[in-house]
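# Structure at a glance
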Amino acid sequence: MVKHVPVSIRWQTVFAVIPYVSIYGFYRIEKLRMGLLLQGLFFILGIIFGIIDTFFGLPSYTLMAVVVVLQIINNVKFMRQWSREWNSKF
């Protein structure tokens, strides 16, 4: 069970930037399911871009790097938004 205390938005942002640690950040604000859904969507997007890279002969790191950057931006956006909502409860 999660402790019902305010969270530091700075630390939550740090958690959002580090892969796999973002899951812990989402857990702390009771948004684990939504966080896992976001991670899963970007995982599927990464697979699709990997297939596109293979068929068009592009270097495999180009579109994958775009996916990673978009995932980090998306994690930070939602982590900060949901952390503010979590803190407003207290």
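Within each chain, residue numbers correspond to sequence positions counted from 1 in written order. Given that the model is predicted, a residue must reach a pLDDT of at least 70 before its local features are reported, and side-chain atom pairs must reach 80 or more before they are shown or counted; all residues, however, enter totals for whole chains, interfaces and linings. Hydrogens and water are ignored here; the side-chain numbers use all heavy atoms of the structure.

Another aspect to go through is a nonpolar patch on the surface. Like-charged residues within 9 Å of one another, or nonpolar side chains (Val, Leu, Ile, Met, Phe, Trp, Tyr) within 5 Å, are grouped into patches, provided each residue has over 30% relative accessible area and no salt bridge. Shrake-Rupley sampling with a 1.4 Å probe provides the accessible areas, and residues are treated as covered by the protein chains on show and by no other component. Every case where a carboxyl oxygen of Asp or Glu lies within 4 Å of a side-chain nitrogen of Lys or Arg is listed as a salt bridge. A grouping of F43, I44, I47, I48, I51, F55, F56 and L58 is seen on the molecular surface, where their side chains present a nonpolar patch of about 880 Å² in accessible area. Note on conventions: DSSP H or I runs of at least 4 residues are helices, E runs of at least 2 residues are strands, and numbering of each starts at the N terminus. Mapped onto the elements of the fold, I44 is located in helix α3 (residues 32-56). Here's how the labels work: a residue is buried when its accessible area is under 20% of the maximum for its type, exposed when over 50%, partly exposed in between, all with a 1.4 Å probe on protein chains only. When its relative accessible area of 47% is taken as the criterion, I44 is described as partly exposed.

The next point concerns unusual backbone geometry. Leaving glycine out, the prevailing phi sign among residues is negative, and the prevailing peptide bond configuration is trans. One non-glycine residue, Y20, lies in the positive phi region at around 70°. Along the chain, Y20 falls in the loop between α1 (9-17) and α2 (21-28).

This part covers the packing of α2 against α3. All axes here are fitted lines through C-alpha atoms, helices being fitted over the stretch that makes contact, and every angle between N-to-C directions spans 0 to 180 degrees. At their nearest, the axes of α2 and α3 sit 7 Å apart, and the two run at 150° to each other. Regarding the angle of α2 to α3, the classification is roughly antiparallel. In contact with S22, I23, F26 and Y27 of α2, α3 contributes L32, G35, L36, L38 and Q39. Along the lines of polarity and charge, the residues of the contact of α2 with α3 split into 6 nonpolar, 3 polar and no charged. When an angle is under 35 degrees it counts as roughly parallel; over 145 it counts as roughly antiparallel; between 65 and 115 it counts as roughly perpendicular; any other value is oblique. Residues count as neighbours in contact if any of their non-hydrogen atoms are within 4.5 Å of one another. Note on residue categories: nonpolar means Ala, Val, Leu, Ile, Met, Phe, Trp, Tyr, Cys or Pro, charged means Asp, Glu, Lys or Arg, and polar means any other residue, Gly included.

Here the focus is the side chain of S22. As for its position among the elements, S22 is in helix α2. By relative accessible area, which is 1% here, S22 ends up buried. Pairs of N or O atoms within 3.5 Å make up the polar contacts considered here, provided that, within protein, one atom can donate a hydrogen while the other can accept it, and that residues adjacent in sequence are counted only when both atoms are side-chain atoms. In this structure the side chain of S22 is engaged in a polar contact, spanning 3.5 Å, whose partner is the side chain of Q39. Ignoring sequence-local partners within four residues, the contact set of S22 consists of F15, A16, Q39, N75 and M79.

Detailed conclusions should not be drawn from predicted coordinates in areas where pLDDT is low. Per-residue confidence for the chain averages 90 on the pLDDT scale, and 99% of its residues sit at or above 70. pLDDT: the predictor's confidence for each residue, scored from 0 to 100. Here α3 is the element of the chain with the lowest mean pLDDT, 88, and α1 is the one with the highest, 95.

What follows concerns the layout of surface pockets. Approximately 370 Å³ is the volume attributed to the largest pocket. Buriedness of a pocket was judged along seven lines, with at least five required to meet protein on both sides within 12 Å; pockets are open sets of points on a 1 Å grid over the protein atoms alone, cavities are sets where a 1.4 Å probe fits but cannot get out, and lining residues have an atom within 4 Å of a point. Surrounding the largest pocket, 18 residues form its lining, P19, Y20, Q39, F43 and Q71 being those nearest its centre. At the level of elements, α1, α2, α3 and α4 (60-88) are the ones that each hand at least two residues to the lining of the largest pocket. Its residues assigned to classes, the lining of the largest pocket shows 13 nonpolar, 5 polar and no charged. Grid points are joined across faces, edges and corners, and a volume is the space filled by probe spheres set on the points.

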